[in-house]
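Breakdown of the fold
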Amino acid sequence: MITAEEKRTGVRRAGLFSGVWTAGETLGFALGPGVYGLILAIGGYVSSTGASVVQPQSAVTAALIGFTVVPVVLVLAALPLLTKKLEVRA
């Protein structure tokens, strides 16, 4: 993507691309645990401090959704952003 943009415009924007990528990645790392915790809370997850706890089926389903459906939705939402040509004017 960086090379294609450079060939298209003649301008090197590797730093811009890297900065935007890093910002998005950092945002994902910051929000991810909170979103996953919210999904578990909605599912009725029961926390413990060492004692064995039986989770309700809704909590198991929430964990499954948090590890499968949510990442797929987020990746699909990001695809248009990754394929769109950046129109940055110098």
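These remarks concern the structure in this document. (Residues numbered from 1 in each chain as written. Predicted model: local features only at pLDDT ≥ 70, side-chain atom pairs only at ≥ 80, totals over all residues. Heavy atoms only, no water.)

**Considerations on the overall build of the protein chain**
To keep it simple, the criterion reads: Numbering of helices and strands runs from the N terminus, with a helix taken as a DSSP run of H or I at least four residues long and a strand as a DSSP run of E at least two residues long. The accessible surface values rely on the Shrake-Rupley method and a 1.4 Å probe; as for residues, cover is taken only from the protein chains in view. Residues counted as positive are Lys and Arg, residues counted as negative are Asp and Glu, and His and the chain ends are not counted. Throughout, a charge is located at the NZ atom of Lys, the CZ atom of Arg, the CG atom of Asp or the CD atom of Glu.
The number of helices and strands found in the protein chain is four helices and zero strands. When the helices and strands of the protein chain are listed from N to C terminus, the series reads α-α-α-α. With the C-alpha coordinates aligned to their principal axes, the bounding extent of the protein chain is approximately 60 × 20 × 15 Å. Just so you have it, the protein chain exposes about 7100 Å², and 71% of that area is on carbon and sulfur atoms. The positive charge centre, built from 7 side chains, and the negative charge centre, built from 4, are 6 Å apart in the protein chain.

**Quick notes on the packing of helix H3 (residues 57-67) against helix H4 (residues 69-83)**
Quick note on the threshold: The axes are straight lines fitted to the C-alpha atoms, using for helices just the contacting stretch, and the angles between their N-to-C directions are given from 0 to 180°. Orientation categories follow fixed angle ranges, with anything under 35 degrees roughly parallel, anything over 145 roughly antiparallel, 65 to 115 roughly perpendicular, and all other angles oblique. Any two residues whose heavy atoms approach within 4.5 Å at even a single point are treated as in contact. Here the nonpolar group is Ala, Val, Leu, Ile, Met, Phe, Trp, Tyr, Cys and Pro; Asp, Glu, Lys and Arg are the charged ones; every other residue, Gly included, is treated as polar.
Packing of H3 against H4 brings their axes to within 3 Å, and their N-to-C directions diverge by 25°. In this view, H3 runs roughly parallel relative to H4, as classed from their interaxial angle. On H4, the residues that touch Leu64, Ile65, Gly66 and Phe67 of H3 are Val69, Val70 and Pro71. Its residues placed into classes, the contact of H3 with H4 shows six nonpolar, one polar and no charged.

**Examining helix H2 (residues 14-42)**
The condition is simple: Take the number of residues in a helix, subtract one, and multiply by 1.5 Å to get its expected span. One axis fitted to the seven residues ending at a residue, another fitted to the seven starting there: the angle between these axes is the bend at that residue.
Counted at 1.5 Å a residue, the expected span for H2 with its 29 residues is 42 Å, and the 41 Å between its end C-alpha atoms agrees. Where H2 bends most, at Leu31, the angle is about 35°, and the proline Pro33 comes one to four residues later. At the exit of H2 stands Gly44, carrying a positive phi of roughly 85°.

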